[in-house]
Amino acid sequence: MFATYLIGLREGLEATLVVSILVAFLVKSQRRDRLPQVWAGVGLAVALSVLFGWLIEYTSTSLLARSEDRELFEAITSVAAVVFVTWMIFWMRKAARTIAGELRGKLTEALAVGSLAVAGMAFLAVIREGLETALIFYSAAQGAAGDSGPLLALIGGIVTAVVLGVLLYASALKINLSKFFTWTGALLILVAAGILKYGVHDFQEAGVLPGLGDLAFDITTVLDPSTWYAALLAGMFNVTPAPTVLETIAWIGYAVPVLALFLRPTRRTPAAGAATTGPAAAGVAATPERTSPSTTTVTERGADTGAEAEAASAPQRA
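Residues numbered from 1 in each chain as written. Predicted model: local features only at pLDDT ≥ 70, side-chain atom pairs only at ≥ 80, totals over all residues. Heavy atoms only, no water.

### Comments concerning the overall build of the protein chain
What the protein chain contains, in helices and strands, is ten helices and zero strands. For the protein chain, the N- to C-terminal ordering of α and β elements is α-α-α-α-α-α-α-α-α-α. The proportion of buried residues among the 318 residues of the protein chain is 47%. At a minimum sequence separation of 6, the contacts of the protein chain that also span at least 24 residues come to 81%. With the model as given, the accessible surface of the protein chain reaches about 15,300 Å², and the carbon-plus-sulfur share is 68%. (Helix = DSSP H or I, 4+ residues; strand = E, 2+ residues; numbered from the N terminus. Buried < 20%, exposed > 50% of the residue type's maximum accessible area, 1.4 Å probe, protein only. Contact = heavy atoms within 4.5 Å. Areas by Shrake-Rupley, 256 points an atom, 1.4 Å probe, with all protein chains shown as cover.)

Structure (structure tokens):
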């Protein structure tokens, strides 16, 4: 359940920070009259994300009659989830320096067009996170049929993210978002490795890949599946005591190089177009808020919310 909580927390906080950027910009621009359009776009994105999650589950449980077809469907969604997780983690690391400025620029253009454009801007900003969350959650929660624990954990993660986002916006909380996204990103890579391993196992059960009976090792006597720590490892990272050879290759082949790339030291470079993406370029005077290098806040006065502030304090190893 920790894995699904982490998914909800990470994806939820990203979406919350995006919404905070939009709301803070409108408030600071004295365009509160456009806030209902933002919330309408956010609400529609959330509704469609829930519908997408239900559609995936309905397809797996009701539309696919043969067990082989279900296994194949679950394998494909697992691979897709791994692709989305990997892309999301590296995209956030790359785009964190400019995301706030880009969102403000797009919102300025949307304000000039009209209400529907503002709602559409908010919708597009949130829907990506919502669809990713639905797909990743389905893949991470496979094998927990009839258990409401993963769903409750996901909801708990999202609620935690919303609370953190509100506290950041209200300046009631200061956290190092750079470190937060680095640590959660590393943990999500391990979660994704487990999802990929699960997908390989489904491909084997569907008959697409061979070697279902070829075990890489069997440490059942050491890692008893009935123990709490074995269940924790299996639930978080899909680490099992008797994996197949292909499962083991997939887990190691993904986790090791992706973690190495994600945690490698990077050189700081000035964000491209920094001079034209700040609040002044958007037609709004801003007074920068004093924060320590290791913390960041999201405030109405300092509308450079968490994502941009995260970039300002990004560590050498993102």
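### Concerning unusual backbone geometry
One non-glycine residue, Gln30, lies in the positive phi region at around 60 degrees. By the secondary structure assignment, Gln30 is in the loop between α1 (2-28) and α2 (35-63). On the basis of relative accessible area, Gln30 is assigned to the exposed category, the value being 71%. Even without glycine at this site, Asn238 takes up a positive phi of about 55 degrees.

### So, the pattern of salt bridges
Tallied over the full model, the rule gives seven salt bridges. A salt bridge links Asp33 to Arg31; the nearest nitrogen and oxygen atoms lie 3.5 Å apart. With relative accessibility at 47%, the residue Asp33 sits in the partly exposed group. Classification of Arg31 as partly exposed rests on a relative accessible area of 26%. (Salt bridge = Lys/Arg side-chain N within 4 Å of Asp/Glu carboxyl O.)

### A few points about the confidence of the model for the protein chain
Looking at the protein chain as a whole, the pLDDT averages 78, with 80% of positions reaching at least 70. In this model, residues 271-318 is a region of pLDDT below 50 whose contacts with residues beyond four sequence positions or in other chains number 113 contacts. (pLDDT = per-residue confidence, 0-100.)

### Remarks on the packing of α2 against helix α3 (residues 67-95)
In a packed pair of helices, the relevant descriptors are the angle between the two axes and the axis-to-axis distance. Running from amino to carboxyl end, α2 crosses α3 at an angle of 155 degrees, the nearest separation of the two axes being 9 Å. In terms of their interaxial angle, α2 and α3 are classed as roughly antiparallel. Touching Ile56, Thr59 and Ser60 of α2 are Arg70, Phe73 and Glu74, all from α3. Classifying every residue of the contact of α2 with α3 gives two nonpolar, two polar and two charged. (Axes fitted to C-alpha atoms, helices over the stretch in contact; angles between N-to-C directions. Parallel < 35°, antiparallel > 145°, perpendicular 65-115°, else oblique. Nonpolar A, V, L, I, M, F, W, Y, C, P; charged D, E, K, R; others polar.)

### Quick look at α1
When the terminal C-alpha atoms of α1 are compared, their 37 Å separation across 27 residues agrees well with the 39 Å that a helix rising 1.5 Å per residue should span. Across the 27 residues that make up α1, a large majority, 25, are buried. Looking at the residues trailing α1, positive phi occurs at Gln30, about 60 degrees. (Expected span 1.5 Å × (residues − 1).)

### Focus on the packing of aromatic side chains
Across all of its chains, the model carries six aromatic pairs by this definition. With a centroid separation of 5.1 Å and 15 degrees between ring planes, the pair formed by Trp54 and Tyr58 is classed as stacked. With Trp54 and Tyr58 both in helix α2 and four residues apart, this pair spans about one turn of that helix. Both rings, one in Phe73 and one in Tyr138, keep their centres 6.2 Å apart while their planes meet at 65 degrees; by these two values the pair is edge-to-face. Of this pair, Phe73 sits in helix α3 while Tyr138 is found in helix α5 (residues 115-140), placing the two residues 65 residues apart along the sequence. In this structure, Arg128 is placed above the aromatic ring of Trp91, and the distance from its NZ or CZ to the ring centre is 4.3 Å. (Phe/Tyr/Trp six-rings, centres within 6.5 Å; stacked < 30°, edge-to-face > 60°. Lys NZ or Arg CZ within 6 Å of the ring centre and 35° of its normal.)

### Looking at the nonpolar core
In terms of nonpolar packing, the biggest core is built from 32 residues, with Ile89, Leu188, Val191 and Tyr254 touching the most fellow members. Of all elements in the fold, only α1, α3, α5, α7 (177-205), α8 (228-237) and α9 (245-263) reach the threshold of two or more residues within this core. Among the elements that take part in this core, α7 stands out by supplying ten residues, more than any other. Apart from the residues lying within four places of it in its own chain, the contact partners of Val191 are Ala3, Leu6, Met236 and Phe237. Membership of the second largest hydrophobic core comes to 25 residues, among which are Val18, Val23, Ala110 and Val126. (Core = buried A, V, L, I, M, F, W, Y, C linked by side-chain atoms within 4.5 Å.)

### What to know about α7
The α-helix winds at 3.6 residues per turn, so residues separated by three or four positions along the chain end up facing the same way. Compared with the 42 Å implied by 1.5 Å per residue over 29 residues, the 41 Å span of α7 between its first and last C-alpha is a close match. Burial runs high along α7: 23 of the 29 residues are buried. Where α7 ends, the next residue or the one after it, Gly207, has phi of about 85 degrees, a positive value.

### Description of a nonpolar patch on the surface
A cluster of nonpolar side chains, Leu44, Leu48, Leu51, Trp54, Leu55, Tyr58 and Leu63, forms an exposed patch at the surface whose accessible area comes to about 680 Å². Tracing the backbone shows Leu44 in helix α2. (Patch = residues over 30% accessible without salt bridge, like charges linked within 9 Å, V, L, I, M, F, W, Y side chains within 5 Å.)

### Some words on the packing of α1 against α3
Where α1 contacts α3, the axes come no closer than 13 Å and their chain directions differ by 40 degrees. One way to sum up the angle between α1 and α3 is to call them oblique. At the point where α1 passes α3, the crossing takes the left-handed sense. Residues Arg10, Glu11 and Glu14 of α1 pack against Met88, Ile89 and Met92 of α3. By residue class, the composition of the contact of α1 with α3 is three nonpolar, no polar and three charged. (Left-handed = near helix turned anticlockwise from the far one by under 90°.)

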